[in-house]
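Remarks on the overall topology
Residues per chain are reported as follows:
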Amino acid sequence: MASITLKSLTKRWGNFIGVQSFDLEIQDKEFLVLLGPSGCGKTTTMRMVAGLEEVSEGEIWIGDQMVNDLEPKDRDIAMVFQSYGLYPNMTVYENIRFPLKIRGIPKDEHHERVKRASAMVELDDFLQRRPKALSGGQRQRVALARAIVREPTVFLMDEPLSNLDAKLRVSTRAQIKNLQHELATTTIYVTHDQIEAMTLADRVVVMEKGIVQQVGTPKEIYNRPENLFVAGFMGTPAMNLIEGVLDSGTFTAKNTEINGLPNTQNGPVTLGFRAEDASLVEGRAKGQIAGPIYAFELLGDSSMVTLRTGKGMSTVKADKDFSSDIGEAISINVPASICHLFDTQTGLRIDA
Ligand SMILES: Nc1ncnc2c1ncn2[C@@H]1O[C@H](COP(=O)(O)OP(=O)(O)OP(=O)(O)O)[C@@H](O)[C@H]1O
Ligand SMILES: [Mg+2]
């Protein structure tokens, strides 16, 4: 069991900065998710923690030990990669057992530990098969079992579900969540899928271009994005964002007027609201934002209605029975209480 501390962790290749001044304390037994678009530095951060990538600046601590100069094998970390990295000529049993062999764990412990790890990921019936005779999801579970069997201090998982189809992802995701609860091992998990981040994490770190944008629980990040990047990244659909002007608590933009906002900062701001917080009103003049209907998508339990509002689009969640014609004039009810405000220039959240 251990905490992990990153102090001004930085990775540079020549002039290019892959990860910049990353500071974070990860609690013992915490499930931490690194989330961000492709190329934002997630894998690089993970590889530095594992010792597979040299640190340019800063420190990595595991528990009360600074590990910058420790070999990967001495860090007591187990990694699960996107590509499973299984040995094709070994059976599932031997694949799972392999880390015990190379680490010199006494032989008489192997069988019991392999059985325990394989039972946790429900692979008991497949132990004598070779990887090529398994489905993608089963192979992924072998990779997980091979990490579990070591009983490491830290798990690092880099997009372990990205090779699975949508349905298998959801069930394997639940399995990983349950496993982490049972094993109570500090875990760093990398994904670019924000639903995965929301469902799995104790805390999420949102990254962009090598820089940490926000650290918080999934709820904090969803309910209170600190800047425009996080606001636009978290949530499906993403938060509606409208550029306009704030003056004495009134926001105006094309076809938009919202009163009763905090009278904090006058000038160019970006107003945000979530599709599920707003509602549609029949008729053009009744809501705070007006526009013709651009698209209508039935999701099953609800529908998403997109309006053309001024320069951009705004999407509102509506009842599954909602029906209307494309082009019809309609408006959205956007009370001040559901609005988020951001400084358009700096992108930073404006607080009341
Ligand atoms: N060996 C290297 N030399 C130079 N640049 C590198 C090297 N390895 C990675 N990079 C760059 O560092 C940045 C971060 O890469 P990284 O692999 O950490 O991204 P990522 O967040 O894991 O993205 P993805 O979601 O696509 O896996 C990228 O722009 C990448 O091109
Ligand atoms: Mg990556």
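What you are looking at is a predicted structure, and each value in this text was computed from that prediction instead of being measured.

Some thoughts on the pattern of salt bridges
Tallied over the full model, the rule gives 17 salt bridges. Residue Glu 30 is joined to Arg 203 by a salt bridge in which the shortest nitrogen-to-oxygen separation is 2.6 Å. You can see Glu 30 sitting in the loop between strand 2 (16-26) and strand 3 (31-35) and its partner Arg 203 sitting in strand 9 (residues 203-208), a full 173 residues away along the chain. Using a relative accessible area of 6% as the deciding quantity, one classes Glu 30 as buried. A salt bridge links Asp 74 to Lys 73, with the shortest nitrogen-to-oxygen separation between them at 3.6 Å. Relative accessible area serves as the criterion here: at 58%, Lys 73 is assigned to the exposed category.

A look at the packing of helix 4 (residues 136-148) against helix 5 (residues 166-183)
Packing of helix 4 against helix 5 leaves a shortest axis separation of 11 Å and a crossing angle of 15°. Accordingly, the angle class assigned to the pair helix 4 and helix 5 is roughly parallel. Crossing handedness for the pair helix 4 and helix 5: right-handed. Only Leu 168, Gln 175, Ile 176, Leu 179 and Leu 183 of helix 5 make contact with helix 4, whose side of the interface consists of Gly 137, Arg 141, Leu 144 and Ile 148.

Some words on the side chain of Arg 113
Locating Arg 113 in the fold gives a position in helix 3 (residues 107-120). When sequence neighbours within four positions are dropped, the list of residues in contact with Arg 113 reads Leu 100, Ile 105, Val 149, Arg 150 and Glu 151.

Let's talk about helix 2 (residues 92-102)
Taken together, the buried positions of helix 2 are Val 92, Tyr 93, Asn 95, Ile 96, Arg 97, Pro 99 and Leu 100. Buried-residue contacts for helix 2 involve helix 3 and helix 4. Backbone geometry just after helix 2 places Gly 104 at a positive phi near 70°.

Quick word on the UniProt feature "domain: ABC transporter" (unreviewed entry) in the protein
Mapped onto the present numbering, the UniProt feature "domain: ABC transporter" (unreviewed entry) falls at residues 4-234. Along residues 4-234 the backbone is 36% helical and 26% strand, and the end-to-end C-alpha distance reaches 25 Å.

Details of the site of ligand 1
In the vicinity of ligand 1, the contacting residues are Trp 13, Phe 16, Pro 37, Ser 38, Gly 39, Cys 40, Gly 41, Lys 42, Thr 43, Thr 44 and Glu 159. Gly 39 places a polar main-chain atom, nitrogen or oxygen, 2.7 Å from an oxygen atom of ligand 1. At 2.8 Å from an oxygen atom of ligand 1 is found a side-chain nitrogen or oxygen belonging to Lys 42. In the complex, the protein chains occlude 59% of the 650 Å² of accessible area that ligand 1 would expose alone.

Considerations on the environment of Thr 270
Tracing the backbone through its elements, the reader meets Thr 270 in strand 14 (residues 267-273). Taking the C-alpha atoms as reference, Thr 270 lies 8.4 Å from Leu 228; in sequence the two are 42 residues apart. Reaching out from Thr 270, the side chain makes a polar contact with the side chain of Thr 344 at a distance of 2.9 Å.

Quick word on the domain arrangement of the protein
Here the protein is described as being made up of domain 1 (4-229) and domain 2 (237-343). For domain 1 versus domain 2, the distance between C-alpha centres works out to 39 Å. When the two sides are added together, the surface that domain 1 and domain 2 hide from each other amounts to roughly 550 Å², 62% of it contributed by carbon and sulfur. On the domain 1 side of the contact with domain 2, Tyr 222, Pro 225 and Leu 228 bury the most area, a combined 86% of that side's loss. Inspection of the region where domain 1 meets domain 2 yields zero salt bridges. Applying the counting rule to domain 1 against domain 2 returns two residue pairs in polar contact (both at pLDDT 80 or more). When grouped by side-chain class, the residues that make up the side of domain 1 that touches domain 2 number three nonpolar, two polar and one charged.

Examining the pairing of strand 12 (residues 250-253)
In this structure, strand 11 (residues 240-247) lies alongside strand 12, joined through three bridges in antiparallel fashion. When the bridges of strand 12 are listed, Val 245 appears paired with Thr 252. Counting the residues that bridge the hairpin from strand 11 to strand 12 gives two residues, and of these Ser 248 lies at a positive phi of roughly 50°. One ladder, built from three bridges, connects strand 12 with strand 13 (residues 256-258); its direction is antiparallel. Bridging across to strand 13, Phe 251 finds its partner in Ile 258. Taking the residues between adjacent antiparallel strands as the criterion, strand 12 and strand 13 are bridged by two residues, where Asn 255 takes a positive phi near 60°.

Cut-off values and rules
- Residues numbered from 1 in each chain as written.
- Chains lettered and ligands numbered in written order.
- Predicted model: local features only at pLDDT ≥ 70, side-chain atom pairs only at ≥ 80, totals over all residues.
- Heavy atoms only, no water.
- Salt bridge = Lys/Arg side-chain N within 4 Å of Asp/Glu carboxyl O.
- Helix = DSSP H or I, 4+ residues; strand = E, 2+ residues; numbered from the N terminus.
- Buried < 20%, exposed > 50% of the residue type's maximum accessible area, 1.4 Å probe, protein only.
- Axes fitted to C-alpha atoms, helices over the stretch in contact; angles between N-to-C directions.
- Parallel < 35°, antiparallel > 145°, perpendicular 65-115°, else oblique.
- Left-handed = near helix turned anticlockwise from the far one by under 90°.
- Contact = heavy atoms within 4.5 Å.
- UniProt positions renumbered as here; feature names shortened; annotations may be inferred.
- Near = heavy atom within 4 Å.
- Polar contact = N/O pair within 3.5 Å; in protein donor to acceptor, adjacent residues only side chain to side chain.
- Areas by Shrake-Rupley, 256 points an atom, 1.4 Å probe, with all protein chains shown as cover.
- Domains from an automatic or database assignment.
- Buried area = accessible area lost by both parts, 1.4 Å probe.
- Nonpolar A, V, L, I, M, F, W, Y, C, P; charged D, E, K, R; others polar.
- Pairing = 2+ DSSP bridges.

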